[in-house]
Amino acid sequence: MTASVHLPRQAEAAVGDPGAAAALATERILADTLDESVPGVVVDSPPGAGKSTLVVRAARELAAAGRPLMVIAQTNAQVDDLVDRLASADPDLPVGRLHSSDAHAYDPALDRHPAVRTSAKSADLAGMDIVVSTAAKWAWVKPGEQWRCAIVDEAYQMRSDALLAVAGLFERALFVGDPGQLDPFSQADATQWAGQAHDPAASAVSTLLAHNPGLPQHRLPVSWRLPASAAPLVSEAFYPYTPFRSGTGPGDRSLEFTGPADGSAVDEVLDVAAASGWGLLELPAARTPRTDPEAVAAVAALVRRLLEREGVTRSERGDGPAPLTADRVAVGTAHRDQAAAVRAALGPLAEGGPGAGRSGDHEGDRESGESGEGGGPGVTVDTANRLQGREFDVTVMLHPLSGRPDATEFHLETGRLCVLTSRHRHACLVVCRAGVPELLDDHPATEPARLGTWSPAPDGWEAHQAVLARLAGHTVRLR
Amino acid sequence: MSLIDALARMEAAATGAARPLATVRHRHLAARPLVLVPLTTAGETGAPLGAMLGTDRAAPELFTVPQPRDRDLRFTFLERLAEALLPHLESCQDEVEFVERKETDPDTGKRVTVQAELCTDAPQVLVPTGPGIDVVRLLGRSMRFRRTAEEDPEAPHPAPPRVPLLGRWLTHYAERARVPGSSLLLSMTDLLTRHWATGQSRLEDQHLGALLAWIAPPDGIPGAEAARRAELARDEHGQLLVPPAGPATDPAFDNRLLAPALARHDKGVPGAAEEVHELIASQLRPTWEAMWQGVDLLRSLPEGAHTADRWRRDRQSYTHHRDRLRSAEPPQPRRDDAVTAARKLAMREQRQAELDAQEALDDPLVMAVRRLAGEAFAARAAHVEPAVSEGKRPTPRPLVTVRAEEHDRPLLAEGDAVYRALPEGGGQRAEVVGAPEPGVYVLRLVNGMGRGKEPAPGTVPEPGDRDCWTLFEHAPRGGPALPEPEETPWTHGGPPPEATAEPPDPTTPEDLL
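Residues numbered from 1 in each chain as written. Chains lettered and ligands numbered in written order. Predicted model: local features only at pLDDT ≥ 70, side-chain atom pairs only at ≥ 80, totals over all residues. Heavy atoms only, no water.

Naming follows an unreviewed UniProt entry, where chain A appears as Helicase of Streptomyces cacaoi.

In structure tokens, the structure reads:
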């Protein structure tokens, strides 16, 4: 249906320097965004490509051009993060934070920005240059208070029906999102509309493009987060139609440990990952319950040794070696109960775990790692859904198919694996039971193909094979 | 699959008999349901072969198509189906009660209360399997755009008078069947698998005969063996002893018995139509009996407390459809427009959340599933401390310290909301303000205590009281309203064309076999 317009743009790929390529793409996006004759602009952004930076810049330029705008994000954490970025970038810019009437509806950290006004009523924010809120909250705002312009953030994670509820509020919009992350889903059966242009359970972007195929589409061509060791794999496995590259070269980043290896498989895989960016700790094949105690213990042991051995990271930012602290480490799982089990196993090391103080639930993908304060927050442990949009130095993931007797659509989902393998700046460690390739071979995708459906992401089965093939070269078996 | 579900399946496999998954019946079962067992023709999508139906188990009606590829014979079948089904589907239209409903006045834009009719009951239709519901949908789709001779005197093949109307009813029932918790049109396999777990796979559970063999095994035979017999046992002519519950027929039946009989009918052999009729009846009768056996099994369970609330929504849905027919609206369109699709999905999601909550509240066995998943927990109040809110008008916000029961480990964090059902009805929300030790939570009650300065009696737990707290809402709220279809935004293709009766389907070569 719309696959042809997603082909890579040769012109951008031809620019040699990643910084120049990214700047060129940004200029084109901003030119289209400011062009009044274009009703919508779509921007595909791979993980860590500076999507938030683009949104902040586009919002400020629109505001500077005298066009007040609404910004639609998907979660309150994303909204708070955007408002904070906008206010930090321009402390005098009048920014409204429209929030729900629940208690603790927004991050109180926003109160430190004098030009930011917060309210649960859109009328209170009339006249502000920029008003930011979630799609769910915008849906309660009555049409009539029209903004001419809007920016829709995380548009691929927004459902088509959520866009329907808010699209009456604006005339033209910039849609920004990551096509490789988790697709929106519905708890109820929506298959009767599959393949139709306005399938309410499809992503906002697929509906938008189905009805408006001529809209300009751009992509951000460089991931500043993913290291040179990860970008090619993530690009090939998850973004075959919109390839990207790493902003850094092979020698630009390093992870080293101060503490020596103790000869265990855990330390060995840590060394493999520090050297190559990837490490797979393979447990003996077994069919296990979801909260596989041995796998959970292995994840906890990896995290514990990672911190005990006092890792030191160096990056292209040139701000000298930085200690790898707990807040720069994340553990990703497929299920909530798995995250709870890992948190319990980590004890006080885990953010929000038993014995640990609980702080704000989301810090967003801030460009600078706020590391170094000893005794700070702990290791983030969460599901792929909640790790979306976040960034860490090192991630440890419990493989979604580890120990399973079957490969369901949920566990095969491309976006889940993509989120888990694309959060890191330095290294990604995977804990998995042996036998997943065989499991994949035994369980080809069985979901019926539906006419007219189109996905910006490849098939999960294929993506899993690609990732496992790459990890095979970085495997250490737990003895 | 939940832990309870997995355990019940293992127990069923070990003991040879199905295990209960529910202690109450979670779906409405009408006093006089209409049982409909449809069969379709192999290789001819939408060509009915026959149907057995009725509300009296001793007196089913049976209609068959002696040559399913003959359109005239198909029309005759549909006409008789309409004559048999429509009286049942229309039987509850005139018994109404009056209810008050909030509505937006089109002139003033204000919310006003209006009196509306609500049918006091609605006809229920039961089919054997999920694909049986698909057949109902397909029949509806194939009939509702047909034109009768009266509507279009020029039509070369006019439909019998009441056939388009039946198409609209069947379309409505099949669409309603997609709403979680609805009970206008249900399949027996879905009903039985909701309430019992067998020792076989979910796929095998789709075979009504095998499913019943586990739930009510014939004397002394283990479920697995009885199920295997129901699925596979054949007589000396190679025919299944228990024919499939449809809508597809067994290939051995098609090839060895049905095809030769149809060929004889095509040649004009006398008595061939009666022969086909009897053959199809032989495939339908065992399923007919199985359907009523299923009804009996379900009646043995008491009805869940919230089932009547959900049935009321089914009655509303029935009443709305009646009103649309009476105001001569055109048939349901082939495809939903963007706003209608989004509204339907939003409604279904809300009903799903409501169903999940109500089933757990109605049934301790279902609540156990949620407790094991960390989504609910039983706890005794250990300590209650009065407190009031800050602000101009202080309201009670008591702090209740509860201790979860030994095996309850809710996935709770500070600031999360938990809910409980109040003894006097209604629900109450509380916030987790702390967890001083594992399994102990300090909860701040935030509503459900009346409007006074002091909490109304019975709305605050006493020390020692046991409550089941859930992490999910008991009555999930709906989302904001969507725009009207004529206000569909440009992102979704703009407003759809005005709703008018769509043209009938064009005739294709397949119609003229």
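Asker: What is the right way to read empty space enclosed by the protein from this model?
Answerer: Picture a little ball the size of a water molecule; that probe, rolled over the atoms, points out where space is still empty. Residues and elements named next belong to chain B. Enumeration over the complete set of coordinates arrives at eight cavities of 30 Å³ or more. What the largest cavity holds in volume is close to 90 Å³. Looking at the largest cavity, it is lined by 13 residues, and the ones nearest its centre are Pro38, Thr40, Pro48, Val135 and Leu139. Ranked by residues supplied to the lining of the largest cavity, first place goes to strand β2 (residues 34–40) with four residues. When the residues that make up the lining of the largest cavity are grouped by side-chain class, the tally is ten nonpolar, three polar and no charged. (1 Å grid on protein atoms, 1.4 Å probe; cavity = no way out; pocket = protein on both sides within 12 Å on 5 of 7 lines; lining within 4 Å. Points joined across faces, edges and corners; volume = space filled by probe spheres on them. Helix = DSSP H or I, 4+ residues; strand = E, 2+ residues; numbered from the N terminus. Nonpolar A, V, L, I, M, F, W, Y, C, P; charged D, E, K, R; others polar.)

Asker: How do you make sense of the pairing of β2 of chain B when you look at a structure like this?
Answerer: The two faces of the sheet receive side chains in turn, since in a regular strand these alternate between them. Residues and elements named next belong to chain B. Here β2 lies mainly inside the structure; seven of its seven residues are buried. With burial as the criterion, each face of β2 is covered, one bearing Leu34, Leu36, Pro38 and Thr40 and the other bearing Val35, Val37 and Leu39. Bridging between β2 and strand β7 (residues 125–127) involves two bridges; their strand directions are parallel. Bridged to valine 35 within β7 is leucine 126. Where β2 meets strand β3 (residues 48–54), six bridges bridge the pair, whose relative direction is antiparallel. Among the inter-strand pairings, valine 37 is bridged to a residue of β3, identified as methionine 52. (Buried < 20%, exposed > 50% of the residue type's maximum accessible area, 1.4 Å probe, protein only. Pairing = 2+ DSSP bridges.)

Asker: Explain the packing of aromatic side chains here, please?
Answerer: Aromatic ring pairs are defined here through the distance separating the ring centres and the angle between the ring planes. Tallied over the full model, the rule gives six aromatic pairs over all chains. Pairing phenylalanine 377 of chain B with tyrosine 441 of chain B gives two aromatic rings, centres 5.6 Å apart and planes at 50°, and the pair type is tilted. Of this pair, phenylalanine 377 of chain B sits in strand β10 (residues 376–385) while tyrosine 441 of chain B sits in strand β14 (residues 440–445), and the two are 64 residues apart along the sequence. Linked through ring pairs, Trp169, Tyr173 and Tyr318 of chain B together constitute an aromatic cluster. A cation over a ring is seen here: arginine 416 of chain A above phenylalanine 410 of chain A, with NZ or CZ 3.6 Å from the ring centre. (Phe/Tyr/Trp six-rings, centres within 6.5 Å; stacked < 30°, edge-to-face > 60°. Lys NZ or Arg CZ within 6 Å of the ring centre and 35° of its normal.)

Asker: Got a minute to help me understand the confidence of the model for chain A in this structure?
Answerer: Predicted coordinates in areas of low pLDDT are best not read in detail. Mean pLDDT for chain A: 86, with 91% of residues reaching 70 or above. Predicted confidence for residues 353–375 of chain A stays below pLDDT 50, and this span has 49 contacts to residues more than four positions away or in other chains. (pLDDT = per-residue confidence, 0-100. Contact = heavy atoms within 4.5 Å.)

Asker: Explain the side chain of histidine 195 of chain B here, please?
Answerer: Residue and element names in this part refer to chain B. Structurally, histidine 195 can be placed in helix α5 (residues 188–195). By relative accessible area, histidine 195 is classed as buried at 0%. Look past the residues within four positions of histidine 195 in its chain and what remains in contact with it is Arg19, Pro20, Leu21, Ala22, Val24, Arg25, His26, Arg27, Leu298 and Leu301.

Asker: Is there a simple way to think about unusual backbone geometry in this case?
Answerer: Leaving glycine out, the prevailing phi sign among residues is negative, and the prevailing peptide bond configuration is trans. Glycine 246 of chain B connects to proline 247 of chain B through a cis peptide bond whose omega is 5°. Phi angles above zero are rare outside glycine, and glutamate 154 of chain A is one such case at about 50°. With respect to the element layout, glutamate 154 of chain A can be found in the loop between β6 (149–152) and α6 (160–166). On the accessibility criterion, glutamate 154 of chain A (8% relative accessible area) is buried.

Asker: Please explain the environment of leucine 412 of chain B as it appears in this structure.
Answerer: Residues and elements named next belong to chain B. Note on placement: leucine 412 falls in the loop between β11 (399–404) and β12 (417–421). For leucine 412, a relative accessible area of 18% gives the class buried. Taking the C-alpha atoms as reference, leucine 412 lies 55 Å from alanine 84; in sequence the two are 328 residues apart. Beyond its immediate sequence surroundings of up to four residues, leucine 412 is in contact with Phe377, Val418, Val432, Tyr441 and Leu471.

Asker: Got a minute to help me understand the state of the cysteines in this structure?
Answerer: Here, the word disulfide means a covalent bond between the sulfur atoms of two cysteines. Residues and elements named next belong to chain A. Under the defined criterion, the tally for this structure stands at zero disulfides over all chains. Of all cysteine sulfurs in the structure, the one in cysteine 428 sits closest to cysteine 418, which takes part in no disulfide; the separation is 11 Å. Among the cysteines around cysteine 432, which has no disulfide bond, cysteine 428 carries the closest sulfur, lying 12 Å off. In this structure cysteine 432 comes out as buried when scored by relative accessible area, which is 4%. (Disulfide = S-S within 2.5 Å.)

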